[in-house]
Amino acid sequence: MSVRDGATPGTRAAGDPPASVSRPVALVEGAFRALARVRRAPALHPRGLTCAGELEVPDDGAGPWGVPWLDSPRRLPATVRLSRAGGLPRRLPDGLGLAVRVTDADGPGRTLDLLMTSSGRGRVSRHLPLPRADALRGPYSSLLPYRVAGRSSLLAAFPRRTRQAPVPGGPEGIAAALAVGPLVYDLCAQGRAGSWRRFAVLTVRDVLPVDPGDTVDFDPYRHSVRAFAPGPALAATRRAAYRGSRRGRGARGEVP
């Protein structure tokens with residue numbers, strides 16, 4: 001048995017998970033790595049449509065957020081991936097994913113990734129993934145809370161119904177909808193009283209020439225910004241899942 005540099009036998013190195021959780025975390029990473037290797041794609045959301053979009057940070061008149069990237073109204077280019085979680089046949093409902101990357105959101109090199117999944121609207125169901133056939137039928141949720149200016153806050157994206165509705169949730173259906181016009185989502189954070197406050201408007205415009213099986217390396221833990229990051233709930237497990245999925249499909253390093 002080897003001893004890690006800087007650690008003594010019988011002790012944990014700084015930053016290691018507790019022994020009681022290290023095995024479950026390792027099992028999660030191994031499972032996601034194996035599934036990604038078999039699929040040659042992300043373990044979840046293996047196929048999706050990568051698009052160019054724009055994120056508008058508005059001034060809603062409700063006062064500052066206490067979050068640097070939200071306290072200056074502006075427009076930012078975004079890369080968006082819309083996908084199906086299980087990769088089920090397109091005629092079946094599936095968990096639908098909305099992944100957003102905003103490069104330099106909080107200044108040079110401070111990239112923000114947001115990952116949300118189709119969910120319910122209720123107090124409990126907004127924390128649970130909900131299979132759906134229509135990409136515009138209901139909200140998308142971060143499922144677990146973020147820390148926004150030091151407060152615990154769930155994030156959600158509410159699609160605006162458009163003339164394209166209903167929009168099948170697979171790459172083909174979304175591409176057909178975008179050929180007619182953009183898709184628009186109100187991105188919101190949940191307040192203390194359970195109400196929603198909009199922090200940005202996401203407009204998805206054009207399909208990018210990326211194979212549906214390929215993906216930008218989205219990861220909200222590697223790409224978060226000041227005062228706006230995933231909370232601690234299940235953090236080690238979720239990091240292990242992202243890490244295993246990257247390693248299983250051979251992804252290396254950062255993706256711009």
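My aim in this report is to walk through the structure given alongside it, one point at a time. Here the structure is a predicted model, which is why all the values come from computation and not from measurement.

Rules and cut-offs
- Residues numbered from 1 in each chain as written.
- Predicted model: local features only at pLDDT ≥ 70, side-chain atom pairs only at ≥ 80, totals over all residues.
- Heavy atoms only, no water.
- Helix = DSSP H or I, 4+ residues; strand = E, 2+ residues; numbered from the N terminus.
- Buried < 20%, exposed > 50% of the residue type's maximum accessible area, 1.4 Å probe, protein only.
- Contact = heavy atoms within 4.5 Å.
- Areas by Shrake-Rupley, 256 points an atom, 1.4 Å probe, with all protein chains shown as cover.
- Core = buried A, V, L, I, M, F, W, Y, C linked by side-chain atoms within 4.5 Å.
- Arc of directions from axis to C-beta.
- Pairing = 2+ DSSP bridges.
- Axes fitted to C-alpha atoms, helices over the stretch in contact; angles between N-to-C directions.
- Salt bridge = Lys/Arg side-chain N within 4 Å of Asp/Glu carboxyl O.

1. Side note on the overall build of the protein chain
Then, number 1: A tally of regular secondary structure across the protein chain gives 3 helices and 11 strands.
Then, number 2: The buried share of the protein chain, taken over its 256 residues, is 45%.
Then, number 3: Sequence-distant contacts, at least 24 apart, represent 63% of the contacts inside the protein chain between residues at least 6 apart.
Then, number 4: With an accessible surface of roughly 13,200 Å², the protein chain has 55% of that area assigned to carbon and sulfur atoms.

2. Focus: the nonpolar core
The tendency in soluble globular proteins is for nonpolar side chains to be buried as a group.
Then, number 1: In terms of nonpolar packing, the biggest core is built from 41 residues, with Trp-69, Tyr-185, Phe-199 and Phe-228 touching the most fellow members.
Then, number 2: Excluding anything up to four places from it in sequence, Tyr-185 contacts Leu-82, Leu-98, Leu-136, Tyr-140, Ala-157, Phe-158, Pro-159, Ala-200, Val-201, Leu-202 and Val-204.

3. Observations concerning helix α2 (residues 171-180)
Then, number 1: Of all the positions in α2, only Pro-171, Gly-173, Ile-174, Ala-177 and Leu-178 are classed as buried. Down the axis of α2, the buried side of the element spans an arc of 165°, and every buried residue falls inside it.
Then, number 2: Buried residues along α2 sit in contact with β1 (47-57), β2 (74-84), β9 (183-190) and β10 (196-207).

4. Digging into the sheet that holds strand β11 (residues 228-230)
Then, number 1: A sheet is described by the order of its strands in space; here 3 strands give the open sequence β7-β6-β11, paired in antiparallel fashion. Of all strands in the sheet, those bounded by a partner on one side alone are β7 (151-153) and β11. The mean angle between the axes of side-by-side strands here comes to 35°, regardless of whether they run parallel or antiparallel.
Then, number 2: Where strand β6 (residues 146-148) meets β11, 3 bridges bridge the pair, whose relative direction is antiparallel.

5. Describing the pattern of salt bridges
Then, number 1: Tallied over the full model, the rule gives 12 salt bridges.
Then, number 2: The partner of Asp-60 in a salt bridge is Arg-197, and the shortest N-O contact between them spans 2.8 Å. Residue Asp-60 is found in the loop between β1 and β2, and its partner Arg-197 is found in strand β10; the two are separated by 137 residues along the sequence.
Then, number 3: On the basis of relative accessibility, which here comes to 33%, the residue Asp-60 falls in the partly exposed class.
Then, number 4: Under the relative-accessibility criterion, Arg-197 is labelled partly exposed at 21%.
Then, number 5: Where Arg-110 meets Asp-106, a salt bridge forms, and the shortest distance between an N and an O atom there is 3.9 Å.
Then, number 6: A residue is classified by how much of its surface remains accessible, and Arg-110, at 39% relative accessible area, is partly exposed.
Then, number 7: Classification of Asp-106 by relative accessible area gives buried; the value is 7%.
Then, number 8: Ionic contacts of the salt-bridge type, sharing partners, join the residues Glu-54, Glu-56, Arg-75 and Arg-205 into one network.

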